Amino acid sequence: MIDLDDIDRALLRALQEDATLNAAELGRRQGISQPVAWRRVKRLEDAGVIRGRRLDLDREALGFGVTVFLGIKLANHGRVSLADFERAVTAIPEVLTVQHVLGRYDYRLRVVARDLADFERVLRRRIMTLPGAGEVEANVVLSEERRPGPIG
């Protein structure tokens, strides 16, 4: 864990909001010079605090209007390895995230589809045929608000 001061946290908040900000703009916003801002961001990257920068795609604008969270309980833990399940599920393009979890289900998936009929196709032809897939529970996302989360 790295020690963060108020300026580090402010830089991280600004980059969470807009990862395209350059060091000059970050410095201007925080009242520090461009080289100081660059060195601080570089230190945060080198320490692994900043792991990368990603695009936030509008799935609906791309034609994927339905998002579903799936809870999947493996049918028989002994017959199929977790690695086999994970390898197969990560090959499905509609699956955005795969989380191995504790609780009622073994895995939680975030799946996108064009519409409910497309989701049913993905569920029947791809998810339910996964090695070891057993009980499945689907929760369709009605709305979503993303929060940046705590820093430091």
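Residues numbered from 1 in each chain as written. Predicted model: local features only at pLDDT ≥ 70, side-chain atom pairs only at ≥ 80, totals over all residues. Heavy atoms only, no water.

- The chain is annotated in an unreviewed UniProt entry as Lrp/AsnC family transcriptional regulator of Pseudodonghicola flavimaris.

Things to note about the nonpolar core
Working step 1: Grouped together as the largest cluster of nonpolar side chains are 18 residues, with contacts concentrated most on Leu70, Leu109 and Ile127.
Working step 2: At the level of elements, strand E1 (66-74), helix H4 (82-89), strand E3 (107-113) and helix H5 (116-127) are the ones that each hand at least two residues to this core.
Working step 3: It is E1 that contributes the most residues to this core, 5 residues altogether.
Working step 4: With residues up to four places along the chain from it excluded, the contact list for leucine 109 reads Val68, Phe69, Leu70, Ile72, Val89, Val95, Thr97, Val98 and Ile127.
Working step 5: Of all hydrophobic cores here, the second largest spans 14 residues; its members include Leu4, Ala14, Leu21 and Ala23. (Core = buried A, V, L, I, M, F, W, Y, C linked by side-chain atoms within 4.5 Å. Buried < 20%, exposed > 50% of the residue type's maximum accessible area, 1.4 Å probe, protein only. Helix = DSSP H or I, 4+ residues; strand = E, 2+ residues; numbered from the N terminus. Contact = heavy atoms within 4.5 Å.)

Section: the pairing of E1
Working step 1: Counting buried residues in E1 gives 7 out of 9 residues, a clear majority hidden from the surface.
Working step 2: Inspection of the sheet shows E1 paired to E3 by 7 bridges, in the antiparallel sense. The residue of E3 that forms the bridge with valine 68 is valine 111.
Working step 3: Pairing of E1 with strand E4 (residues 133-140) involves 6 bridges; the strand directions are antiparallel. Each bridged residue has a counterpart across the sheet, and for isoleucine 72 the counterpart in E4 is valine 136. (Pairing = 2+ DSSP bridges.)

Some words on the sheet that holds E3
Working step 1: Sheet architecture is open: 4 strands sit in the order E2-E3-E1-E4, paired in antiparallel fashion. Unpaired on one side and paired on the other, strand E2 (95-100) and E4 mark the two borders of the sheet. Each strand axis lies, on average, 20° off the axis of its neighbour in the sheet, ignoring direction. (Axes fitted to C-alpha atoms, helices over the stretch in contact; angles between N-to-C directions.)

What about the packing of helix H1 (residues 6-17) against helix H3 (residues 34-46)?
Working step 1: Between H1 and H3, the shortest axis-to-axis distance is 11 Å and the interhelical angle comes to 80°. As far as their axial angle goes, H3 and H1 are roughly perpendicular. In contact with Ile7, Asp8, Leu11, Leu12 and Leu15 of H1, H3 contributes Arg40, Val41, Arg43 and Leu44.
Working step 2: Class assignment for the residues of the contact of H1 with H3 results in 6 nonpolar, no polar and 3 charged. (Parallel < 35°, antiparallel > 145°, perpendicular 65-115°, else oblique. Nonpolar A, V, L, I, M, F, W, Y, C, P; charged D, E, K, R; others polar.)

A word on H3
Working step 1: Its 13 residues place the ends of H3 18 Å apart at the C-alpha level, agreeing with the 18 Å of an ideal helix rising 1.5 Å per residue.
Working step 2: All buried positions along H3 are accounted for by Ala37, Arg40, Val41 and Leu44. Along the axis of H3, the buried positions cluster into a sector of 95°, meaning they face one direction only. Seen from the buried face of H3, the exposed residues on the opposite side, beyond 90 degrees, are Arg39 and Asp46.
Working step 3: Two residues or fewer past H3, glycine 48 is found with a positive phi of approximately 85°. (Expected span 1.5 Å × (residues − 1). Arc of directions from axis to C-beta.)

Thoughts on the packing of aromatic side chains
Working step 1: Applying the stated criterion across every chain yields a total of 1 aromatic pair.
Working step 2: A centroid spacing of 4.6 Å and a plane angle of 35° characterise the contact between phenylalanine 85 and tyrosine 107, whose relative ring orientation is tilted. Linking phenylalanine 85 in helix H4 with tyrosine 107 in strand E3, this pair joins segments that are 22 residues apart in sequence.
Working step 3: Given a relative accessible area of 0%, phenylalanine 85 falls into the buried group.
Working step 4: Between arginine 114 and the ring centre of phenylalanine 64, over which it is positioned, the NZ or CZ distance is 4.3 Å. (Phe/Tyr/Trp six-rings, centres within 6.5 Å; stacked < 30°, edge-to-face > 60°. Lys NZ or Arg CZ within 6 Å of the ring centre and 35° of its normal.)

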